[in-house]
Amino acid sequence: MWIYEKKLQYPVKVSKCDPRMAKFLMEQYGGADGELSAALRYLNQRYSIPSKAIGILTDIGTEEFAHLEMIATMIYKLTKDADVEQFIQCGLGSHYAAHDRALQYKDSNGVPWTAAYIQAKGDPLADLYEDIAAEEKARATYQWLIDMTDDVDLQDGLKFLREREIVHAMRFREAVEIIKADREQKKFF
Amino acid sequence: MDQANAENAREERAAGDDAYRRELLEIQKIDFALVELNLYLDTHPGDMQALQQFNQLAQRRKQMAHEFELKYGPMTNFGNSFSRFPWQWIETPWPWQV
């Protein structure tokens, strides 16, 4: 069960209409290492992970949906005042033809999201290492996105998200150690 | 008021005023601390100090949310917040409109 909170996790501001940047941000909306992938990856892995790691997967998976909403808000705010000509000029002409200003789970190249982006091997360590790698890849993507814009308001939101990836990776590393220690303990019984 | 001005005024209302954003930010701040403590406790369940901090902030958060909702309406759905008449949940601003 989930409930919705009518607020963003962190305020999202943009200082200008910039559909070009919105196009790049779609990488974190419907891309392989994006927030949708992250949320679905962790929540789906919960059912086969040892009990000691279910809490962290549940909570980080839930937080990822809050991040997805922040990315959606950025894209919404960057495109809402753009005219058709601007969409065409920045390479979003085909997006506009199919979706107008609607969001869609696609990456920055317009490739639709696929479940093939996320893994669940059933082996707890393999899954957690997958999650650590995913967080590191998302962190790197946020850095490239920060480098691509001079909008300090947008950068502020992106920096928050970049930092969250670091914390998540750290928590997953700790979960790896907890599961390893648990296995060692069971060997001696 | 011409049509463009009326449209702007509508958008302004939908986005919430400065006081709304300021008070919302206070909740976002305390919620950030709670998320951080929550994730930390998931992998450090035996840290008593962190747990005390979590429980204290959770208590304060409840109070802050109550005061916020009295002014601005429910923050959560499905019976986790109260509503005045008429049903306030559907009122703007939604998070991306703020």
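So, how was this worked out
- Residues numbered from 1 in each chain as written.
- Chains lettered and ligands numbered in written order.
- Predicted model: local features only at pLDDT ≥ 70, side-chain atom pairs only at ≥ 80, totals over all residues.
- Helix = DSSP H or I, 4+ residues; strand = E, 2+ residues; numbered from the N terminus.
- Buried ≥ 20, exposed ≤ 12 C-beta atoms within 10 Å, placed from the backbone.
- Contact = placed C-beta atoms within 7 Å.
- Nonpolar A, V, L, I, M, F, W, Y, C, P; charged D, E, K, R; others polar.
- pLDDT = per-residue confidence, 0-100.
- Axes fitted to C-alpha atoms, helices over the stretch in contact; angles between N-to-C directions.
- Parallel < 35°, antiparallel > 145°, perpendicular 65-115°, else oblique.
- Left-handed = near helix turned anticlockwise from the far one by under 90°.
- Core = buried A, V, L, I, M, F, W, Y, C linked by C-beta atoms within 7 Å.

**Remarks on the overall build of chain B**
Turning to step 1, where the next piece is worked out: Across its full length, chain B carries three helices and zero strands.
Turning to step 2, where the next piece is worked out: Ordered by position from N to C terminus, the α and β elements of chain B give α-α-α.
Turning to step 3, where the next piece is worked out: Considering chain B as a whole, with its 98 residues, one finds that 8% of them fall into the buried category.
Turning to step 4, where the next piece is worked out: Considering only contacts within chain B whose residues lie at least 6 apart along the sequence, 44% involve residues at least 24 apart.

**Regarding the overall build of chain A**
Turning to step 1, where the next piece is worked out: Within chain A one finds eight helices and zero strands.
Turning to step 2, where the next piece is worked out: Counted from the first residue to the last, chain A has its helices and strands arranged as α-α-α-α-α-α-α-α.
Turning to step 3, where the next piece is worked out: Its C-alpha atoms put chain A at 70 × 30 × 30 Å along the principal axes.
Turning to step 4, where the next piece is worked out: The contacts in chain A between residues at least 6 apart in sequence include a share of 78% that link residues at least 24 apart.

**Quick notes on the interface of chain A and chain B**
It is common to give the size of an interface as the accessible area lost on bringing the parts into contact.
Turning to step 1, where the next piece is worked out: Taken together, the contact pairs 22 residues of chain A with 17 residues of chain B.
Turning to step 2, where the next piece is worked out: Of all the secondary structure elements, the ones that give two or more residues to the side of chain A that touches chain B are α4 (54–79) and α8 (152–188) of chain A.
Turning to step 3, where the next piece is worked out: In terms of residue count, α4(A) provides more of the side of chain A that touches chain B than any other element does, nine residues in total.
Turning to step 4, where the next piece is worked out: In the side of chain A that touches chain B, the residues fall into 12 nonpolar, two polar and eight charged.

**Thoughts on the confidence of the model for chain B**
Residue and element names in this part refer to chain B.
Turning to step 1, where the next piece is worked out: With 85% of its residues at a pLDDT of at least 70, chain B reaches an overall mean of 91.
Turning to step 2, where the next piece is worked out: Averaged over each element, pLDDT in chain B is lowest for helix α1 (residues 3–14) (60) and highest for helix α3 (residues 48–72) (98).
Turning to step 3, where the next piece is worked out: This complex was scored by the predictor with a pTM of 0.94 and an ipTM of 0.95.

**Details of helix α3 (residues 35–45) of chain A**
Turning to step 1, where the next piece is worked out: Judged by how many residues are buried, α3(A) sits mostly within the fold: eight of 11 residues are covered.
Turning to step 2, where the next piece is worked out: Contacts from the buried residues of α3(A) go to α2 (27–30), α4 and α7 (124–148) of chain A.

**A word on the packing of α3(A) against α7(A)**
All names here are of chain A.
Turning to step 1, where the next piece is worked out: Here α3 crosses α7 at 165°, and the two axes come no closer than 11 Å. In terms of their interaxial angle, α3 and α7 are classed as roughly antiparallel. Remark: the crossing between α3 and α7 carries left-handed chirality. In contact with Ala38, Arg41, Tyr42 and Gln45 of α3, α7 contributes Asp127, Asp131, Ala134 and Ala138.
Turning to step 2, where the next piece is worked out: A breakdown of the residues in the contact of α3 with α7 according to their chemical character gives four nonpolar, one polar and three charged.

**Let's talk about the nonpolar core**
Turning to step 1, where the next piece is worked out: If you look at the biggest cluster of nonpolar residues, it comprises 40 residues, and the most contacted ones within it are A:Leu25, A:Tyr29, A:Met70, A:Ile71, A:Met74 and A:Ile75.
Turning to step 2, where the next piece is worked out: Taken together, the elements giving at least two residues each to this core come down to α1 (19–25), α3, α4, α7 and α8 of chain A together with α2 (18–43) of chain B.
Turning to step 3, where the next piece is worked out: Excluding its chain neighbours within four sequence positions, the residues that come into contact with A:Met74 are A:Val12, A:Val14, A:Leu25, A:Leu154 and A:Gly157.

**Overview of the environment of A:Leu145**
Residue and element names in this part refer to chain A.
Turning to step 1, where the next piece is worked out: Here leucine 145 is to be found in helix α7.
Turning to step 2, where the next piece is worked out: Remark: the alpha-carbon pair of leucine 145 and phenylalanine 87, spanning 58 residues in sequence, is separated by 19 Å.
Turning to step 3, where the next piece is worked out: In contact with leucine 145, not counting residues within four places along its chain, are Phe24, Leu25 and Leu158.

**Brief notes about unusual backbone geometry**
Turning to step 1, where the next piece is worked out: The peptide bond linking B:Phe85 to B:Pro86 adopts the cis configuration, its omega dihedral lying at -10°.
Turning to step 2, where the next piece is worked out: Mapped onto the fold, B:Pro86 is located in the segment after α3.
Turning to step 3, where the next piece is worked out: Here B:Thr92 and B:Pro93 are connected by a cis peptide whose omega angle stands at 5°.
Turning to step 4, where the next piece is worked out: Positive phi outside glycine occurs at A:Asp100, with the angle close to 55°.
Turning to step 5, where the next piece is worked out: With respect to the helices and strands, A:Asp100 occurs in the loop between α6 (93–99) and α7.
Turning to step 6, where the next piece is worked out: C-beta crowding within 10 Å serves as the criterion here: with 10 such atoms nearby, A:Asp100 is assigned to the exposed category.

**A word on the environment of B:Leu57**
All names here are of chain B.
Turning to step 1, where the next piece is worked out: With respect to the helices and strands, the residue leucine 57 is situated in helix α3.
Turning to step 2, where the next piece is worked out: C-alpha of leucine 57 to C-alpha of leucine 34: the two residues are 23 residues apart in sequence and 6.9 Å apart in space.
Turning to step 3, where the next piece is worked out: Filtering out sequence-adjacent residues up to four positions away, leucine 57 remains in contact with Ile30, Ala33, Leu34 and Leu37.

**Overview of the packing of α4(A) against α2(B)**
Turning to step 1, where the next piece is worked out: Running from N to C, α4(A) and α2(B) cross one another at 155°; their axes reach a closest spacing of 9 Å. Regarding the angle of α4(A) to α2(B), the classification is roughly antiparallel. α4(A) and α2(B) meet at a crossing whose hand is left-handed. Residues A:Gly55, A:Ile56, A:Asp59, A:Ile60 and A:Glu63 of α4(A) touch α2(B), and the partners they reach there are B:Val35, B:Asn38, B:Leu39, B:Asp42 and B:Thr43.
Turning to step 2, where the next piece is worked out: For the contact of α4(A) with α2(B), a count of residues per class yields four nonpolar, three polar and three charged.

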